[in-house]
Each structure stands twice: as C-alpha cells, then as structure tokens.
Amino acid sequence: MSSVKPSPVSPIDAVLDQLQSRRAFLRKSAVAAVTVGAGTALAACKPESQGQTAGGTGAAAAPPLKSANDSDHSGGTNSPHPSQAATARAKADEMDAMHEKGIKAFPAKTEGKGNQVMAPTRVENGVKVFELTASVLQWETEPGKRVAAWVYNEQLPGPQIRVTEGDRVRVIVKNELPESTAVHFHGVLTPNAMDGVPFITQPPIKPGESFTYEFVAKNAGSHMYHSHHNAAVQVGNGLLGAFIIESRRKRAIERDVAVDYVMILNDGAHGYTINGKGFPATEPIVAKLGQKVRIRFMNEGMMIHPMHLHGMPMTVIDKDGYPQPMPWKCDTLNVSPGERWDVIVDCDNPGVWAFHCHVLPHAETPHGMFGMVTALIVEK
Amino acid sequence: MSSVKPSPVSPIDAVLDQLQSRRAFLRKSAVAAVTVGAGTALAACKPESQGQTAGGTGAAAAPPLKSANDSDHSGGTNSPHPSQAATARAKADEMDAMHEKGIKAFPAKTEGKGNQVMAPTRVENGVKVFELTASVLQWETEPGKRVAAWVYNEQLPGPQIRVTEGDRVRVIVKNELPESTAVHFHGVLTPNAMDGVPFITQPPIKPGESFTYEFVAKNAGSHMYHSHHNAAVQVGNGLLGAFIIESRRKRAIERDVAVDYVMILNDGAHGYTINGKGFPATEPIVAKLGQKVRIRFMNEGMMIHPMHLHGMPMTVIDKDGYPQPMPWKCDTLNVSPGERWDVIVDCDNPGVWAFHCHVLPHAETPHGMFGMVTALIVEK
Amino acid sequence: MSSVKPSPVSPIDAVLDQLQSRRAFLRKSAVAAVTVGAGTALAACKPESQGQTAGGTGAAAAPPLKSANDSDHSGGTNSPHPSQAATARAKADEMDAMHEKGIKAFPAKTEGKGNQVMAPTRVENGVKVFELTASVLQWETEPGKRVAAWVYNEQLPGPQIRVTEGDRVRVIVKNELPESTAVHFHGVLTPNAMDGVPFITQPPIKPGESFTYEFVAKNAGSHMYHSHHNAAVQVGNGLLGAFIIESRRKRAIERDVAVDYVMILNDGAHGYTINGKGFPATEPIVAKLGQKVRIRFMNEGMMIHPMHLHGMPMTVIDKDGYPQPMPWKCDTLNVSPGERWDVIVDCDNPGVWAFHCHVLPHAETPHGMFGMVTALIVEK
C-alpha cells in the first residue's frame, strides 16, 4: 500500500535496540565460553570428562616433524627442548590473545551505520518518494580504519528502501560526486527508460545535477540499487543499497518471520565487508529461541562468497526475488556477484553461532577473525 | 532427423540480417535516450517532473569530503571554488564522452565472426559429417585489437554444430597447429574411444595429421567441443565451440522459442569475451515484443561469470543439457567453467536491455563498458 | 547403530585392493588407446575410416598465421620450410611425451594415504570415541614433491569418520601443533558448546593440550571437520577431514550404491589436490559396469572447483547433507568452498573416464595433466 512505515516485519533496528545488553551477554559468553550451552549436558570446559586438559609437561608443544610413514627421508624428528616448548607456548598465547581481543570487541562500535530502513521522504498523490544523494565521505569500516567511500545519504550501504508490490515509487537522485553517475534498480522490472544505463536509457547525471526515476514496483523480492556508470569503480566505492519489494500475498513460510535481515556482501575498495563493516564491527543477528529469521543475501562485490552458518540449516526460498519451486536446505550458500538469495533459519539451537564467508582468507588471518564474519545469536 | 539445415528455430543469423537497421535504432536510442520507453508515461528526459535537472550553479559538483557523523576528525569540508567545480565538470564530461563513444559504437564491426551455425560438410549413408580444421590466425576481438588465436575453421568460437538426438555424427579434425591436439565433446555421451583424451582414449593428433570421431548423438542439450590436450593453453587460445543436440521431443516451453541463442563466455588469452568478441564488438540479441528467446550459456573460461539481464527474468530450464526438475526464475545466473545453462526469456518489456557479467571488472572500466557486455533488444 | 565397522557400503579400500591389476589395465589402455571401447564399432585407431591418418608431407605442421578474412593486415603467411615442420613435430613429440609420462604414471605411488575410514578408537557405554592428534609432518602430494603439512593422525585429509544418525560421538583432539587449534564439525548440528570456535564456544586448545567434543550425530549427510582457529592457515595447511553421518532410513537411490566415495577438493598450501594428492598420484574411482557410485564432493579450499565427469551424467541428490527436493542431472558441478554435494553416477558406459576440475589451470599445464585430475574407471 502507500503505508510509509519502514518494515512490516520486526525490523532489525528494533532488535538492535537491545544491543548493549546483548553485547554484555556476548562478552560473558566469550569469557565463560559456554554460557549459552550451559544448560545442556555438554559443558565445554568440564575438565574431568572432556574439555581442556593440561598436557603433561608440554613436551609435545613443539611438534616433531615426521613423514607419513616411518621412513628415513624426513627431516629428522628432534625432541624439543623444554625451552623450545616454552617459546612455542608463548607464541601460541600471543596469537590467541589477538584472536580473543577481536572476539571480545564484537560487536565493535564504529562511526556510521548503513542499510538503515528509510521511510519515504514524502508521499505525493499515492507515490512514495525517496530522495537519494550520492556523495563522498570518510567511512569507518572497523574501529580506527577509515576509508574514502562513495555513498547514498551518507550511509554504506545506502538506506534500505522497502516498498510494497504495486506501489508507485519515485526516486530522486542528486549527484554530489566528482563524476557523473546513474542508478540501476537491479532486479526491479522497470520500463526501459528507468533502467539507469547511461547513453542507452538516459543521459548520465552530471555532478551537481539530479535525475528522477519513477516506476511501479511490480515484482516482489529482494533487489538492489546501485550505480551503473563507471560501475566497477562506483559500486566498488560504495554506491549500493537494498531495494526490497514486499509481497502482498505472503507465502506461509514468509508470514511467521520474526527477524527480516538484509545482508549485503562486499569485497571492493573497503575490504571484505558485511553491510559496510568488517568484523568485529559487523552486526550480529539476534533472535529468540523458536523464532524464524529471514536473511536476504546480496552480493555487491566481484568475488563469490559462500556464506556458512553454524548450528542450524538455512532453507532457501527465493533466488533474485523469485520463489524457488521447492525450498531446499543447506548450511553453506554460495552467493555470486549480483545474486540475491533469501533463506529462512528456524532458530531451534540456542547460542552464539559463527556466520561467515567460507573463503577463509575473507574471514581470518593469523591475527584473528576479520572481514566477512558475524554471528547469529539465538537467545533462550 | 538427418536434415542438414542449420537450425530449426529462428537462427540468430536470420535475425542479424536486420542488423543495419537495428544499429541505426540503437544509435537513435543512445541519442534520444528514451526512444523505446517513450510510449510510456515515464519519459526519462522530461525535465519538468523528472529526469535531468540542472543543479543551480554547479557548486555541488566538487563534493565535500565529510565523515558519516558531524565529527571533527574528517579531513575538512572545503566548499569548492567555482573553478574547481568547472574542472570537475570538465573531467566528468571527458569520462562520459568515452562511455558514450563505446555505447554508440555498439554493435561495432570487426573482422571475423565466430559461432556460426555449420551445415554438415556432407551426409554419408545417413551420417552427418563435419570437418574441423584447427589452425592459428589473428583474431579481432574488438575494433583494432588483434590477438593470436587458435581456432577451428577460422572462427572463434568455432562453428556451432547442431545435430538432432539420434543422429550419427562424424567429426574429422585436421590439425594445422604447431602442437598436437585432440577434441573432447564436453557433455556428449560418447563411447570411451571417442572421448578425446590423449593417452587415455586416443593418441594425440600430431601437427599435420587428422583424427576422426564418430558417435551417435544420444543426449539432447547444450554441449561443447574443445581441445583436451594442453587444454589450459589450447582452450584459452580459442579451440572451443558449441555442440547442440536438439531434442526430438521438445517440451512445451521449448517449442515456441523464436530466437535460439548460444552465448559462449570466455576470459582467456583474449580478454573477457562473449562469442569471441568484447564490447562494443559483441552482438546484441534481438527479439520482437512477445517473442520467447532461448539463451544457451556456456563457460569456456576459468572464472565464474554471473550473467545479469536487465528488464526481464530468465527462466532456467536446463543444466548441462539436462532438464531441471522444475524451471525456476532469476535475473543473475552464475555460469561456472564447463557449465551450460539454458534459459528462456519471455520478451514482454520493450527496449534495449543491458546484459552483462556482474563481476563488474569484467564489464566496465573508467573508460567505459568493455568485455562481457551485450544487450537484449526487444523491438515493439 | 553403534556398529563400529568402518563403512556399510563397499569401501573404496576394498575396491583399491585390486589396484595393481587395474594399473596394468590402465597402462594397457593408455598404450592401446581403445581397449575399453574396442567392443564397439568405433575403434579409435582404425586408420582407414577414422582415427589417426598421416598428413601428407607434414607441410601443414607449422601453421601459417592468417587473419579471419583474406585481409592484408595480418603478419604474413609464410609457408614453412620442411625443416621448420620437422622442428614443430619434434617439439610436439617432446610435449606429448611429457603428457604421456604423466598419464602412464597414473595412479602413481606416493607415501601416505589420507581420508582412510577410521574405526572408533573404542566404544564406551555406547559412545563412539574417536581420537584425533593434530601434528606437523612432511606429506608427499605427488611423486617426489614433499610439503610441510598440518594433519590429523598423520593423514591428509584426516581420517574419514563415519557414524550413523543418532550415534553419540566423542572426539578427543590432542594438539601437537606449534600453535593453538580447535575443531569445528562443519555441517553437523551440535550444541553450541561443541561448535569449535575459540573464545565464542570454547577456549583454544593450546599446544600439548587436549579437548573433548561430544554430541549426538543428529543430521545425516556429508559433513566435514576442520580447524576453526587461524583457520585460513590451519585448514590451508591440511587440518581437515570428512565426517559422514549415515542415514538410518536410506532413500531408494542411496540403497543400491556399490561404491561410496568421498572426494575432498583443496587448493591451499599444497597446490591443487584431490584427497591430498595431485595427479598422477590421485586415486581413480573404480566400479563395474552397471554399478552405482556415490560421490561426496567437499571443498576445503578457497576457490571454486567445477568438477566435470566425462562419459556419464551425475545425479545430484544432496546439498550439504540435505536432500535436494528433486534430484537433478549435470556433468559439471560447481563446488564452492565449504559446500558438500552428493551425486550418484550410474556406471553404464565402460571405459576410463577423465574426471577433473574444469578450471583448466587447476588441471593441466603444457607439461601435462596435474592437480585436480582423476578418473572414474568403469570395468566391463
């Protein structure tokens, strides 16, 4: 309809209002390691039956270098001196401390938050009008790391636009960039003149000028908007956002979703990011035990990102906004550039669950987790 | 059957006979920007209600560099001098002119055309005989860019072979390359001796020698043929082509296809290409409003290419020549090396629609679109 | 159940007992080129009607460099001197000899074999207990190429753990590495405390120490275990293995599988490998005509690997251990990092069938096939 409230399903913003308490929760989890699972029979740190047990004198700490068989061509199998073992342990402790520091900082506070649901600027004769201004600013992707970014409305990703199937939509784009631009509504079935491809469907929007797009939002689903002029550079720099068209006839599987989360993946000039931030500045998804979470994956980068959720499967329901003929399950979903995939997670397993790109160099270095890592937190 | 006419469905060749007029059409589109959509209420360039509007004095053209919040740690927010704005506009105009030049050149004329449907050289006792000669030549991938290419029958991709399910097929390969070769019919279910893997199923074909492959085309679908000897080099250099086995029992969704288009993606020694050419020398796909287009994607490269069509969804019907259990829709289809995907586009949205790889560095640079970009033109 | 026999379906180990004879078979195939298909009417080397035929004087061996049309801007079309042709032939022979040598060495013997089915170390009160020790050794990936590897139980991949749906499983991990580690059971639905993510669900396992994981194997399917600490390095170095949970209620399509083969793909510090070895040290899959083979693809690397089987389609039944709603066929299956795909091959086409990653630089160089290449051998 012409309703202007941002999102009919529990918006992530509402959920994130509780973030401070959650952050304390997460820190406690990190220290206690098993807070969430403590109610089960399997407490991770019980030293008697399982969990961490001291390893004798630590003589095994500096591992011997053996070959697969007991053959004589290997480089030798020196037993380490106790001093070597102590050095190895000190190095391990040093590395672990870096890893712990990252985890404990999560979710780390940074300046700026992208992908915020945007109410229409106004509604004129039933037309939902959105105003987007493209400009350049400094964006903090993780604590202390500021990069030059090209953004819509001073957000990276740009504001999340949500309309309803059948809505007439007007998007006024003002260009405050140092070069021309244009906006393509990726996945949205617009008339050709509204397709946003300079010199094919419109002139480029020169610096200081504006362009108005207008169309009826025909096809429900998870779509995107982004620059289509010098796009490898402009999208790489941050000119991108989510464009969600909500269905008027929700399927049963959509109706009981408690958390509707848009996850935009990127790997451009700002490094590996989820919704414009790298771990530990990424945002956890939070749900209560028994709730259903809808995740709308969108890849605005130039590499694949097979997203892996720990602890629970994902049920794939939509591809590029179109229903899959029959939903199917997975725990690792490959999201390629330009693709959108919608999944439902039935949060039946309590705890803090890692959620990351499984191209491991996008998620971890010897200094700890970074980049495309977040968590799904299922609260009891 | 044993019919030797190239293609039972409207061949792209026939469609391309109209190319000159289409080219004029496209140029007009590029200038007028909204020719196609002009019949709708949404004319892109109406300056009053929407479209390009001059932005005051242009003072906003050189954007201020701000941080996301009004914090004091950003690099400062200088108001640009009018001369700076003028410089920015001049730079934007310069970049836009390069982009426009590329678009207006499309489809650009180059020497040589690959992927042409090949009639059998002869039919002997009901056997369709095709002769392929592998040789080296200079190939023009875009206007003025000539590269050394290894090709079949002086085409890149090699000639498109189309036979019908159940046909007996003989392919005589003559090697005029500087090294040995062999042909693998990728996806075609041949007897082992016809599989084209040197030292496993046959000796390599030495320079100056020939080899004859013969088999019954059992499995309908979109397949390929390419070198399987020193293949990373030889296929990368261009020894590849489409091998289509048409079904005898077409599904309803196949029967009313007006345009059957083979799109071979590549990223080897010749850069990012579609059917052996880079934009603007790529070939548009042209259909009339209401027609159905079948696109047979084939990836002969070594990278993923998620192909994105603007304006209309693609209905995926086949993977590697095998029907998907239920067709499904998307607008961005990831095509991985060696894969073939068949889709149907119902051309219900008139206009010139960009159609490109969504790994944006495969499609655009600051100098304009290049590489894996083409268009689907839906004529009213 | 609590049965401890390694694998209920014909284990690859049993099949490989026949390897010596098969190796002889393969060598014979390589020499005779058409042994397998000889029973058909299509003998590859019949010189009269098809197959290798001498090419006149060989004058074509050094190919002329032509342009696509008879244009005058090409680099010239020198007829080669006979001596040039002879040189070209000599070079071709030299390259072919390298290729032949690789093929004839297949399957080449190397030290060490990974992915061996592991019986539980013991069963305690119905709990299947597995002990894994992580250590560093030298691993031979192909004949004469030894690399430093981080491994479980001195195998790369680590031992294949197979349990049955509903089993209670205990995995005791001892760390003999020079740094801390932790084990994540990728795809297995464990309680949070058993999820293996240091500082979120457990402390890291320090060098010389141990940690015990315990859970009920709830979800049948093809899963993995691997390090989740400094994982880009540790998994890249080899800390990975298969974790199969067999279903208690097998589907019809699963029940008549004769060979159940786990194929772990990797591209880390050890190059392009299948089950820890590069061609020609990879292991062929062997089946008899009419048998069904189940292949469980797992990608533990950081790149896509679209696996292409020659000669027969693959029917995809599972993604990440979850049944696809309807099985579907292909011949090239893209396996992304972290993904598992289960397929069934109906071995109805006898012969030695190449089976390789279709990112060709992962499979072949001018020196011959290497890396991610193996074969499916269908014996009559």
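Refer to the structure presented above.
Residues numbered from 1 in each chain as written. Chains lettered and ligands numbered in written order. Predicted model: local features only at pLDDT ≥ 70, side-chain atom pairs only at ≥ 80, totals over all residues. Heavy atoms only, no water.

Student: Could you clarify how one ought to interpret helix H3 (residues 82-105) of chain B in this entry?
Tutor: Side chains three or four residues apart in an α-helix point the same way, a direct result of the helix having 3.6 residues per turn. Here H3(B) contains 24 residues, and its C-alpha end-to-end distance of 34 Å stays within 8% of the 34 Å for a straight helix at 1.5 Å per residue. Residues Ala85(B), Ala88(B), Ala92(B), Met95(B), Asp96(B), His99(B), Gly102(B) and Ile103(B) constitute the buried set of H3(B). (Helix = DSSP H or I, 4+ residues; strand = E, 2+ residues; numbered from the N terminus. Expected span 1.5 Å × (residues − 1). Buried < 20%, exposed > 50% of the residue type's maximum accessible area, 1.4 Å probe, protein only.)

Student: Got a minute to help me understand the interface of chain C and chain A in this structure?
Tutor: Accessible area lost upon the coming together of the parts serves often as the stated size of an interface. Across the contact, 66 residues belong to chain C and 65 residues belong to chain A. For the pair chain C and chain A, the summed buried surface comes to about 5,600 Å²; carbon and sulfur atoms form 60% of the total. Considering only the surface of chain C that becomes buried against chain A, Asn192(C), Phe199(C) and Ile200(C) emerge as the three largest contributors, covering 13% of it. The partner of Asp331(A) in a salt bridge is Arg340(C), and the shortest N-O contact between them spans 2.7 Å. On the surface where chain C and chain A come into contact, there are 23 residue pairs in polar contact (both at pLDDT 80 or more). Elements that contribute at least two residues to the side of chain C that touches chain A include exactly strand E4 (127-142), strand E7 (168-175), strand E8 (183-186), strand E9 (210-216), helix H4 (231-237) and strand E18 (322-330) of chain C. Its residues assigned to classes, the side of chain C that touches chain A shows 29 nonpolar, 22 polar and 15 charged. (Contact = heavy atoms within 4.5 Å. Buried area = accessible area lost by both parts, 1.4 Å probe. Salt bridge = Lys/Arg side-chain N within 4 Å of Asp/Glu carboxyl O. Polar contact = N/O pair within 3.5 Å; in protein donor to acceptor, adjacent residues only side chain to side chain. Nonpolar A, V, L, I, M, F, W, Y, C, P; charged D, E, K, R; others polar.)

Student: What is the right way to look at the sheet that holds strand E16 (residues 305-309) of chain C in this model?
Tutor: Within a beta sheet, neighbouring strands are joined by backbone hydrogen bonds and run either parallel or antiparallel to one another. Residue and element names in this part refer to chain C. The five strands lie next to each other as E14-E24-E21-E16-E19, forming an open sheet whose pairing is mixed. In the strand order of this sheet, the two ends are held by strand E14 (285-288) and strand E19 (332-335), each with one partner. The sheet shows a mean angle of 20° between the axes of neighbouring strands, taken without regard to direction. Examined bridge by bridge, E16 and E19 share four bridges and lie antiparallel to one another. For Pro306, the partnering residue across the bridge sits in E19 and is Asn334. (Pairing = 2+ DSSP bridges. Axes fitted to C-alpha atoms, helices over the stretch in contact; angles between N-to-C directions.)

Student: How should the interface of chain B and chain C be read in this particular structure?
Tutor: In this complex, chain B contributes 66 residues to the contact, which on the side of chain C involves 65 residues. When the two sides are added together, the surface that chain B and chain C hide from each other amounts to roughly 5,600 Å², 60% of it contributed by carbon and sulfur. Area buried by chain B at its contact with chain C is led by Asn192(B), Phe199(B) and Ile200(B), which between them contribute 13% of it. Applying the counting criterion to the chain B and chain C interface returns four salt bridges. Linking Arg89(C) and Glu209(B) is a salt bridge whose minimum nitrogen-to-oxygen distance equals 3.3 Å. The tally of links from chain B across to chain C stands at 23 residue pairs in polar contact (both at pLDDT 80 or more). At the level of elements, strand E4 (127-142), strand E7 (168-175), strand E8 (183-186), strand E9 (210-216), helix H4 (231-237) and strand E18 (322-330) of chain B are the ones that each hand at least two residues to the side of chain B that touches chain C.

Student: How do you make sense of a nonpolar patch on the surface when you look at a structure like this?
Tutor: Residues Met326(A), Met326(B) and Met326(C) make up a contiguous nonpolar surface patch of roughly 250 Å² in combined accessible area. Using a relative accessible area of 37% as the deciding quantity, one classes Met326(C) as partly exposed. (Patch = residues over 30% accessible without salt bridge, like charges linked within 9 Å, V, L, I, M, F, W, Y side chains within 5 Å. Areas by Shrake-Rupley, 256 points an atom, 1.4 Å probe, with all protein chains shown as cover.)

Student: Can you help me understand the relation of the copies chain B and chain C in this one?
Tutor: The pair of chain copies shares a relation made of a rotation about an axis and a shift along it. In the superposition of chain B on chain C (RMSD 0.0 Å, axial shift 0.0 Å), the rotation amounts to 120°. Taken together, the rotation and translation describe the operation of a three-fold axis. Interface overlap between copies: only 5% of the residues of chain B at the interface are likewise at the interface in chain C, consistent with a contact formed by different surfaces. (Least-squares fit on C-alpha atoms with pLDDT ≥ 70 in both.)

Student: What is the right way to look at the pattern of salt bridges in this model?
Tutor: Two side chains bearing opposite charge may form a pair once their charged atoms approach each other closely. Residue and element names in this part refer to chain A. Taken as a whole and assessed by the stated rule, the structure comprises 97 salt bridges over all chains. Across the pair Arg251 and Glu254 runs a salt bridge whose closest N-O atoms are separated by 3.2 Å. For Arg251, a relative accessible area of 27% corresponds to the partly exposed category. With its nearest N and O atoms 2.8 Å apart, the salt bridge here joins Asp318 to Arg251. One end of the pair, Asp318, is in strand E17 (residues 314-319); the other, Arg251, is in the loop between strand E11 (240-246) and helix H5 (252-255), and 67 residues separate them in sequence. Look at the salt bridges and you will find they share partners, linking Arg162, Glu246, Lys250, Arg251, Glu254, Asp260, Arg294, Arg296, Asp318 and Asp342 into a network.

Student: Help me out: how do you make sense of the environment of Ala287(B) in this one?
Tutor: Residue and element names in this part refer to chain B. Secondary-structure assignment places Ala287 in strand E14 (residues 285-288). Ala287 sits in the buried class, given a relative accessible area of 2%. Sequence spacing of Ala287 and Val259 is 28 residues, and the spatial spacing of their C-alpha atoms is 7.0 Å. With residues up to four places along the chain from it excluded, the contact list for Ala287 reads Val259, Val293, Cys347, Ile377, Val378 and Glu379.

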